[in-house]
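Remarks on the overall topology
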Amino acid sequence: SPPPRPPAPPPAAPKPHVRTLAAWNANSLIQRIQCNRPDLDRFLREHSPDVVFISEVRSPALGPAGCKKGDGQRRQQDKLSRASHSLASEADAIARFVREHGYRAYWSLAEYKYAGTGLLVKAACEQPHALRHSLDPDAAAATHQTEGRVILASFERFDLLGTYTPNNGGSEDAHARRRRWDEACAALLQRRGGAAAARPLVWLGDLNVAAEWGDVGPDPGWFRDKNGQGAAHADDRGQPGFTPNEQARFRSLLAAGGLVDAYRTLHPVANWATDVTWRGCAGKDGPPAAGRYYAKGMRIDYVLVDRRLAGSVVRAEVLGGGAERRGFLGSDHCPLLVELAAGEEAKEGDGSRAAEAGHARAASATGSAPHDARPLADGVGLGAGAR
């Protein structure tokens, strides 16, 4: 008779679930790697997030040889371009950086050095078991948002939506574009089932909106009344990211998705000096003469979590601060880090209530009433068409 077979090896231990998440707008990842590598190394070494969602990667997607911006040729938006010697060198430098820190990278990129997003996932952790790159749930699985602004990844405990939201801009066309984007986000959340969705959602990234009056500083009135005053509609006026219409649509998105601001669950009282994730630069001639936004800031980067996960938020930190942008890793945004407790997702509880209370306190901060109490005009909220 044949000899007995050796026992089968034990099954491999499952990889740990994703728990720590960072959102960061790099303002060009390759520039940060080339110019700020020690800062990046220190950030990843000290905080070791399981996932880093990067907005504004600003590396072009892989395309046919000789392709140029606007030529209509199809790009492989999940791959970095190697169309020239310099682009190939940049792609190699990014890949080496990701590999040396023990991550795997998932990209969604524009056809030129603009926008684009990346999802870095620790190789030692579970990897996404499904990926999409569009806000349109009916789009083909391989479809990417044109400018690479969306990555939707499914993990064991939750679905993770990373977006780099377009800036509201200063023109009517830009306002309409941002309105369409918010409407597409709302449609996706509603299609998923909102708060009753079968799978919890975590939404993170540069969402380009300061949710409440206390989320900018030092003077919210300056942001509201001294900027963007040329808009045709009164509720589109103000600093892009701080207009009444954007804030109202953001509140609608939170409600539509059953989502809670993870940072506010642990920091319910607004303090712009420690909360803001974007800060202006000093300008080429030094502070403050040539830096209109020097020593000013906005909280526009978020990790939003399903109410069912709100009670599991155990850490939420803005990892930079000060007019000199300490901890910003060379960018104009600093990382936002959120940690979820291990184990099954928590039920809705104190976390979601704390976040809602924090938003209420931020909205009623000194000076908010004259601005935020104004009603929205008809036809400008989520789902509205052209005015």
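So, here's what we can say about the structure. In this text the structure is predicted, and so the values were computed from the model without any measurement. (Residues numbered from 1 in each chain as written. Predicted model: local features only at pLDDT ≥ 70, side-chain atom pairs only at ≥ 80, totals over all residues. Heavy atoms only, no water.)

1. Some words on the overall build of the chain
- Broken down by element type, the chain carries 11 helices and 17 strands.
- Among the 387 residues that make up the chain, the fraction classed as buried is 54%.
- Within the chain, residue pairs in contact and separated by at least 24 positions form 71% of the contacts whose partners lie at least 6 positions apart.
- For the chain, the computed accessible surface area is about 16900 Å², with 53% contributed by carbon and sulfur atoms. (Helix = DSSP H or I, 4+ residues; strand = E, 2+ residues; numbered from the N terminus. Buried < 20%, exposed > 50% of the residue type's maximum accessible area, 1.4 Å probe, protein only. Contact = heavy atoms within 4.5 Å. Areas by Shrake-Rupley, 256 points an atom, 1.4 Å probe, with all protein chains shown as cover.)

2. Quick look at the side chain of Glu-56
- You can see Glu-56 is positioned in the loop between β2 (51–55) and β3 (61–62).
- Owing to a relative accessible area of 16%, Glu-56 belongs among the buried residues under this scheme.
- Looking at Glu-56, its side chain comes within polar contact range of the side chain of Tyr-164, at 3.2 Å.
- Setting aside residues no more than four positions away along its own chain, Glu-56 makes contact with Asn-25, Ala-26, Asn-27, Ser-28, Leu-29, Ala-115, Gly-116 and Tyr-164. (Polar contact = N/O pair within 3.5 Å; in protein donor to acceptor, adjacent residues only side chain to side chain.)

3. Looking at helix α4 (residues 172–192)
- The end-to-end C-alpha distance of α4 is 30 Å, a good match for the 30 Å that 21 residues give at a rise of 1.5 Å each.
- Those residues of α4 that sit buried are Ala-174, His-175, Ala-176, Arg-178, Arg-179, Trp-181, Asp-182, Cys-185, Ala-186, Leu-188 and Leu-189.
- On its buried face, α4 is in contact with β8 (150–154), β9 (159–163), β10 (201–206), α6 (244–257) and β12 (259–261).
- Just downstream of α4 lies Gly-193, where phi reads positive at about 110°. (Expected span 1.5 Å × (residues − 1).)

4. What about the pattern of salt bridges?
- Counted by the stated rule, this structure contains 25 salt bridges.
- A salt bridge links Asp-41 to Arg-37; its shortest N-O distance comes to 2.7 Å. Here Asp-41 and its partner Arg-37 are both found in helix α2 (residues 37–47), 4 residues apart, which amounts to about one turn of the helix.
- Relative accessible area serves as the criterion here: at 18%, Asp-41 is assigned to the buried category.
- The class of Arg-37 is partly exposed, set by a relative accessible area of 23%.
- Where Glu-147 meets Arg-177, a salt bridge forms, and the shortest distance between an N and an O atom there is 2.4 Å. Pair noted here: Glu-147 is in the loop between β7 (130–132) and β8 and Arg-177 is in helix α4, with a separation of 30 residues, a long-range link.
- With relative accessibility at 28%, the residue Arg-177 sits in the partly exposed group.
- Through salt bridges with shared partners, a single ionic network connects Asp-215, Asp-261, Arg-264, Asp-275 and Arg-299. (Salt bridge = Lys/Arg side-chain N within 4 Å of Asp/Glu carboxyl O.)

5. Some details on α2
- Buried residues of α2: Leu-40, Asp-41, Phe-43, Leu-44 and His-47, and no others. End-on, the buried residues of α2 take up no more than an arc of 165°, which puts them together on one face. Residues Pro-38, Arg-45 and Glu-46 are exposed on α2 and point more than 90 degrees away from its buried face.
- Looking at the residues trailing α2, positive phi occurs at Ser-48, about 45°. (Arc of directions from axis to C-beta.)

6. Details of the nonpolar core
- The biggest cluster of nonpolar side chains holds 30 residues, and the ones touching the most others in it are Leu-21, Leu-119, Phe-158 and Val-305.
- Those residues in contact with Leu-21, other than ones at most four positions away along the chain, are Val-51, Phe-158, Leu-160, Val-202, Leu-204, Leu-336, Leu-337, Val-338 and Leu-340.
- Judged by nonpolar contacts, the second largest core, of 26 residues, contains Ile-30, Val-52, Ile-94 and Leu-337. (Core = buried A, V, L, I, M, F, W, Y, C linked by side-chain atoms within 4.5 Å.)

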